[in-house]
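# Examining the three-dimensional arrangement
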Amino acid sequence: MKTLRLILGDQLNKKHSWFKEKSDEVYYCLFEMRQETDYVKHHIQKVIGFFAAMRQFAEDLKAEGHTVFYIKINSEENKQKLTDNLSKLIEDHNIQHFEYIYPDEYRLDHQLSSYCKGLGITSKAVSAEHFYTNRDDLTNFFKGKKQYLMENFYRDMRRKHDILMIADQPEGGKWNYDKSNRNKWKGDVNIPTYKWFKNEVSEVVEDIQNAEIKTIGRFETKTFSYPITRVQALEQLKYFCKALLIHFGDFQDAMHTDEDYLFHSRLSFAMNLKLISPKDVVTTVMNYYRKHDDEIHISQIEGFIRQVIGWREYMRGMYWAFMPDYKTKNELDNHNKLPEFFWTGNTKMNCLKHAINNSLDNGYAHHIQRLMITGNYALLTQTHPDEVDDWYLGIYIDAIEWVQLTNTRGMSQFADGGKIATKPYVSSGSYINKMSNYCSDCHYNKSKKTGDDACPFNSLYWNFLDEKREQLGNNYRMGMMYSLLDKMDKQQLQSIKEKAQHIIAHQDDY
Ligand code: FAD
Ligand code: SF4
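Residues numbered from 1 in each chain as written. Chains lettered and ligands numbered in written order. Predicted model: local features only at pLDDT ≥ 70, side-chain atom pairs only at ≥ 80, totals over all residues. Heavy atoms only, no water.

Attention shifts here to helix H2 (residues 44–63). The end-to-end C-alpha distance of H2, which contains 20 residues, comes to 29 Å, matching closely the 28 Å that a straight helix rising 1.5 Å per residue would cover. The element H2 is largely enclosed, with a buried count of 15 among its 20 residues. Positioned one or two residues after H2, Gly65 has a phi angle of 100°, which is positive. (Helix = DSSP H or I, 4+ residues; strand = E, 2+ residues; numbered from the N terminus. Expected span 1.5 Å × (residues − 1). Buried < 20%, exposed > 50% of the residue type's maximum accessible area, 1.4 Å probe, protein only.)

Written out as structure tokens, the structure is:
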């Protein structure tokens, strides 16, 4: 039976069972489309990376003897819409059966399932064969429970998949070494040179320019540095094990003006495109750890494993548990706009300058920069979660809605009212100073709350607590902060609030 199989841009899984057998009756298709380049303004490197990886994937499939229809962005036959491209191929090639891999994004899932309902031929959706968990495993796990604690889910994953376990107990005696993952990096521990690929992408860049796709961010290196094939992704993974794992946990939350990546793996792009699976990652990292556990402390590996089998799978499960409503949540009732400097990096606040310029230069910022610098600032300035989502979904090379939305709207903006985070991730300048060297070289004084040179995070923080008392005042994890606020001199609080409101009204002047 003549079968058409669709491969989306984030479904580049060479190990998928689809590819085990070759058949003259099976055609694969991949499309570069305006539908995907235009639903948000993406970082230029993100568009380059997706197209480069898709093109290479199609070439590799062809070289292995599969039949592939690849429609480039400027191709005359390109209808620029997924279902129109499919219909054209189905008609032109007398296709009798259509198959697709379940998309991870609600938008595409909905589009394809509706399309199939009206299709005159048979169709079937199959698993991506990528994640540890199925879409609704998390929903089932938390059924009947009041809270959706990641830690409970994570422990269950450890037990189920026998990772870092001795019988039914956590290896090392502790489930979580989070408290050992909070060192400041002071330049005293050497960071090896990063693994930097030099993927030649001039043709892709030219095509993007000719198509006049509107993008954000910068692309000054001219070669694409993240892995775009499975082979490269495995190389990146090996490099992480050899060079970075030894200090991953120690400096997981650290930030520094001279270092964009510190000991982070830079694997998210490859994983989210499914070039490698979380199982590839966990198996490789665990094997390396087993051979080197005399030099690598368990806190380093546990910190990493938690991100992959814990946070990543948990975020996906939460996405499927609560979409499509989740995308509209705004429980803190925030309505401001993001300042212009989020697109230029042009601010006197040194922490934001570094986190944003890293994002603009590399389509990357590590977790704490996303959470405690840009996310913290957006929440303290009471920005509408739609604005924040659009920025995060566009700017990061690894941003796909299933993982971006839950991290941004949920974890970072507390817009889901506390489903993912038990309290908002907000801080004054003192946390930023504790975890980075940003403040020592900043225009602002980290210790001041008011006055022209006061660190904006300080007044914004107390103003936020005061303004959101109705929603947060009863949160037991915020009790200490509210009792400090209650003890604050009324006159002082008034000056702090005036300062914060000035900042919110004139963000681009700071
Ligand atoms: P490492 O620090 O080396 O971590 C290893 C791997 O763990 C990552 O590659 C990633 O696959 C996984 N991981 C770690 N933390 C998380 C998490 N919170 N959620 C899911 N997976 C995680 N990650 C994305 O992949 N796409 C996004 O769009 C995205 N948006 C985010 C938005 C905000 C506001 C925040 C706070 C975090 C976001 N994250 C997102 C999670 C995290 O910041 C990135 O996964 C990480 O920075 C990627 O860099 P890395 O590969 O060097 O990660
Ligand atoms: Fe950021 Fe304030 Fe520190 Fe400046 S002083 S780097 S604005 S936290």
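After presenting the structure, the write-up continues.
Let us now look at the packing of helix H11 (residues 298–322) against helix H15 (residues 401–412). Relative to each other, H11 and H15 sit at 85°, their axes nearing to 8 Å. For the element pair H11 / H15, the angle class is roughly perpendicular. Here Trp311, Arg312, Met315, Arg316, Met318 and Tyr319 of H11 come into contact with H15, specifically with Glu401, Trp402, Leu405, Thr406, Asn407 and Met411. For the contact of H11 with H15, the residue count by class is seven nonpolar, two polar and three charged. (Axes fitted to C-alpha atoms, helices over the stretch in contact; angles between N-to-C directions. Parallel < 35°, antiparallel > 145°, perpendicular 65-115°, else oblique. Contact = heavy atoms within 4.5 Å. Nonpolar A, V, L, I, M, F, W, Y, C, P; charged D, E, K, R; others polar.)

The environment of ligand 1 is formed by 28 residues, the closest being His264, Ser265, Arg266, Asn272 and Tyr364. At a separation of 3.0 Å, an oxygen atom of ligand 1 approaches a polar backbone atom of Leu267. Note that an oxygen atom of ligand 1 is positioned 3.3 Å from one of the side-chain N or O atoms of His367. Elements that contribute at least two residues to the shell around ligand 1 include exactly helix H9 (268–272), H11, helix H13 (367–380) and H15. A per-class count over the shell around ligand 1 returns 13 nonpolar, eleven polar and four charged. Each of domain 2 (137–201 + 212–322) and domain 3 (341–509) contributes no fewer than three residues to the shell around ligand 1. (Near = heavy atom within 4 Å. Polar contact = N/O pair within 3.5 Å; in protein donor to acceptor, adjacent residues only side chain to side chain. Domains from an automatic or database assignment.)

Turning next to H13. Every α-helical turn comprises 3.6 residues, leaving residues that sit three or four positions apart pointing alike. Helix length check: H13, at 14 residues, gives a terminal C-alpha distance of 18 Å against a target of 20 Å (1.5 Å per residue), a fit within 8%. The buried count for H13 comes to 13 of 14 residues, which makes it a mostly enclosed element. Gln382 occupies a position one or two residues after H13 and carries a positive phi of about 55°.

In terms of domains, the protein chain is made up of domain 1 (3–126), domain 2 (137–201 + 212–322) and domain 3 (341–509). Averaged C-alpha coordinates put domain 1 and domain 2 at centres separated by 29 Å. Each side of the interface is counted separately: domain 1 has 29 residues, and domain 2 has 22 residues. Overall, the association of domain 1 and domain 2 removes approximately 2,200 Å² of surface from exposure, summing both partners, and the carbon and sulfur fraction of that is 66%. Among the residues of domain 1 in contact with domain 2, Lys41, Gln45 and Asp104 are the three that bury the most area, contributing 24% of the side total. Between the two partners, domain 1 and domain 2, sit three salt bridges. (Buried area = accessible area lost by both parts, 1.4 Å probe. Salt bridge = Lys/Arg side-chain N within 4 Å of Asp/Glu carboxyl O.)

With respect to spatial proximity, the complete set of residues near ligand 2 consists of Met349, Asn350, Cys351, Gly429, Ile432, Tyr438, Cys439, Cys442, Tyr444, Lys446 and Cys455. Contributing elements (two or more residues each) for the shell around ligand 2: helix H12 (350–362) and helix H16 (429–435).

Relative to the helices and strands, Lys72 resides in the loop between strand S3 (67–71) and helix H3 (82–92). By relative accessible area, Lys72 is classed as partly exposed at 32%. Excluding residues that lie within four positions of it along the chain, Lys72 makes contacts with Glu32, Arg55, Asn78, Glu203 and Asp207. Side-chain polar atoms of Lys72 contact the side chain of Glu203, separated by 3.2 Å.

Tracing the backbone through its elements, the reader meets Asp207 in helix H7 (residues 202–211). Taking relative accessible area as the criterion, Asp207 reaches 16% and is therefore assigned buried. Not counting chain neighbours up to four residues away, the residues in contact with Asp207 comprise Arg55, Lys72, Ile73 and Asn74.

Strand order in the open sheet made by the five strands is S3-S2-S1-S4-S5, with parallel pairing throughout. Strands at the two margins of the open sheet, each flanked by one partner only, are S3 and strand S5 (122–126). Pairwise comparison of adjacent strand axes, ignoring direction, gives a mean angle of 20° for this sheet. Most of the contacts of H3 go to strand S2 (residues 26–31), to which it runs at about 150°, and overall it touches strand S1 (3–6), S2, S3 and strand S4 (97–101). (Pairing = 2+ DSSP bridges.)

Across soluble globular proteins, nonpolar side chains have a tendency to be buried as a group. Counting 154 residues, the largest nonpolar core has Tyr314 and Leu352 as its most contacted members. Here this core takes 13 residues from H11, the largest share from any one element. Those residues within four positions of Leu352 in sequence are excluded, and the remaining contacts are Phe341, Phe342, Thr347, Asn357, Ile373, Thr374, Tyr377 and Phe457. Leu6, Phe98, Leu108 and Leu119 belong to the second largest nonpolar core, which has 21 residues in total. (Core = buried A, V, L, I, M, F, W, Y, C linked by side-chain atoms within 4.5 Å.)

Okay, the packing of H13 against H15 next. The geometry of H13 relative to H15 is characterised by a closest axis approach of 10 Å and an angle of 55° between their N-to-C directions. Classified by the interaxial angle, the pair formed by H13 and H15 is oblique. With respect to the hand of their crossing, H13 and H15 are arranged in right-handed fashion. Where H13 approaches H15, its residues His367, Leu371, Gly375 and Leu379 are matched on the opposing element by Asn407, Met411 and Ser412. When the residues that make up the contact of H13 with H15 are grouped by side-chain class, the tally is three nonpolar, four polar and no charged. (Left-handed = near helix turned anticlockwise from the far one by under 90°.)

Turning our eyes to something else, we now look at the pattern of salt bridges. Counting across every chain of the model gives 34 salt bridges. Glu59 serves as the salt-bridge partner of Lys62, at 3.8 Å between the closest nitrogen and oxygen. Separated by three residues within a single helix, Lys62 and Glu59 lie in helix H2, roughly one turn from each other. Across the pair Arg290 and Glu171 runs a salt bridge, and its minimum N-O distance is 2.9 Å. Taken together, the residues span a long stretch of sequence, with Arg290 in helix H10 (residues 278–291) and Glu171 in the loop between strand S7 (169–170) and strand S8 (199–200) at a distance of 119 residues. Ionic contacts of the salt-bridge type, sharing partners, join the residues Glu32, Arg55, Lys72, Glu203 and Asp207 into one network.

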